Amino acid sequence: MPAQLPSPVPAAEYETCPVTEVLRRVGDKWTLVVLVLLGRRPYRFNELHRAIEGISQRMLTRTLRTLEQDGLVDREVHPTVPPGVEYRLSPLGTSLLGPLSALADWATTHHDEIAAARARGGQ
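Residues numbered from 1 in each chain as written. Predicted model: local features only at pLDDT ≥ 70, side-chain atom pairs only at ≥ 80, totals over all residues. Heavy atoms only, no water.

Novice: How do you make sense of the pattern of salt bridges when you look at a structure like this?
Specialist: Any two side chains of opposite charge can pair, given that their charged atoms come close. Summed over the entire model, instances satisfying the criterion amount to five salt bridges. With its nearest N and O atoms 2.5 Å apart, the salt bridge here joins Arg-25 to Asp-70. Of this pair, Arg-25 sits in helix H2 (residues 18-27) while Asp-70 is found in the loop between helix H5 (57-69) and strand S2 (73-78), placing the two residues 45 residues apart along the sequence. Exposure remark for Arg-25: the relative accessible area of 26% places this residue in the partly exposed category. Across the pair Glu-86 and Arg-88 runs a salt bridge whose closest N-O atoms are separated by 3.4 Å. By sharing partners, the salt bridges in this structure join Glu-76, Glu-86 and Arg-88 into a single network. (Salt bridge = Lys/Arg side-chain N within 4 Å of Asp/Glu carboxyl O. Helix = DSSP H or I, 4+ residues; strand = E, 2+ residues; numbered from the N terminus. Buried < 20%, exposed > 50% of the residue type's maximum accessible area, 1.4 Å probe, protein only.)

Novice: Quick question: what am I supposed to make of the environment of Gly-84 here?
Specialist: Inspection of the secondary structure assignment puts Gly-84 in strand S3 (residues 84-89). Judged by relative accessible area, which is 8%, Gly-84 ranks as buried. Taking the C-alpha atoms as reference points, Gly-84 and Arg-44, 40 residues apart in sequence, are found 7.2 Å from one another. Beyond its immediate sequence surroundings of up to four residues, Gly-84 is in contact with Arg-44, Glu-76, Val-77 and His-78. (Contact = heavy atoms within 4.5 Å.)

Novice: Explanation requested: the pairing of S2 in the structure shown.
Specialist: Consecutive side chains along a regular strand alternate between the two faces of the sheet. Relative to S3, S2 runs antiparallel, the two sharing six bridges. Bridge pairing in S3 links His-78 to Gly-84. Hairpin connection from S2 to S3: five residues lie between these consecutive antiparallel strands. (Pairing = 2+ DSSP bridges.)

Novice: Looking at this model, I keep getting lost on unusual backbone geometry. Mind explaining?
Specialist: Trans peptide bonds make up most of the peptide bonds, and negative phi angles are found at most residues other than glycine. For the peptide bond that leads from Ser-7 to Pro-8, omega is 0 degrees, which places it in the cis range. Residue Pro-82 is reached from Val-81 by a cis peptide bond, and omega for that bond is -10 degrees. Mapped onto the elements of the fold, Pro-82 is located in the loop between S2 and S3.

Novice: What exactly am I supposed to notice about the environment of Ile-52 here?
Specialist: Tracing the sequence through the fold places Ile-52 in the loop between helix H4 (45-51) and H5. In this structure Ile-52 comes out as buried when scored by relative accessible area, which is 4%. Separated by 31 residues in the primary sequence, Ile-52 and Pro-83 have C-alpha atoms spaced 22 Å apart. Among all residues touching Ile-52, those that are not within four sequence positions of it are Trp-30, Val-33, Val-34, Leu-37 and Leu-60.

Novice: How should the packing of helix H3 (residues 31-40) against H5 be read in this particular structure?
Specialist: Relative orientation of the contacting elements H3 and H5 amounts to 70 degrees, with a least axis distance of 10 Å. As judged from the angle between their axes, H3 and H5 are roughly perpendicular. Here Thr-31, Val-34, Leu-35 and Leu-38 of H3 lie close against H5, whose contacting residues are Leu-60, Thr-63, Leu-64 and Leu-67. (Axes fitted to C-alpha atoms, helices over the stretch in contact; angles between N-to-C directions. Parallel < 35°, antiparallel > 145°, perpendicular 65-115°, else oblique.)

What follows is the structure, encoded as structure tokens:
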């Protein structure tokens, strides 16, 4: 059953909605690809940087820090010289892969319909 929304939806309620927060996080430019890659296996920073064409080191650092703050990514520092840092999905991050996969399947299935609607001007 879909969630019940008040009408009109209060702006403050929309801004603090947990669904809005998650969609903003996974909808930013780099988060989804980072999550998918880390869902395959752990990566060291430079290895992950090489795996994502076009992302700057600064943006990858910001994305990983944000995902770590959200509890979706775990960071492990290895006592080597220089210190090696490895990133992997946390159990919480791993639990997000199923819903993201379902959304990706839906988007792939309906891509042509969406493109056709856009071409018609959304009518």
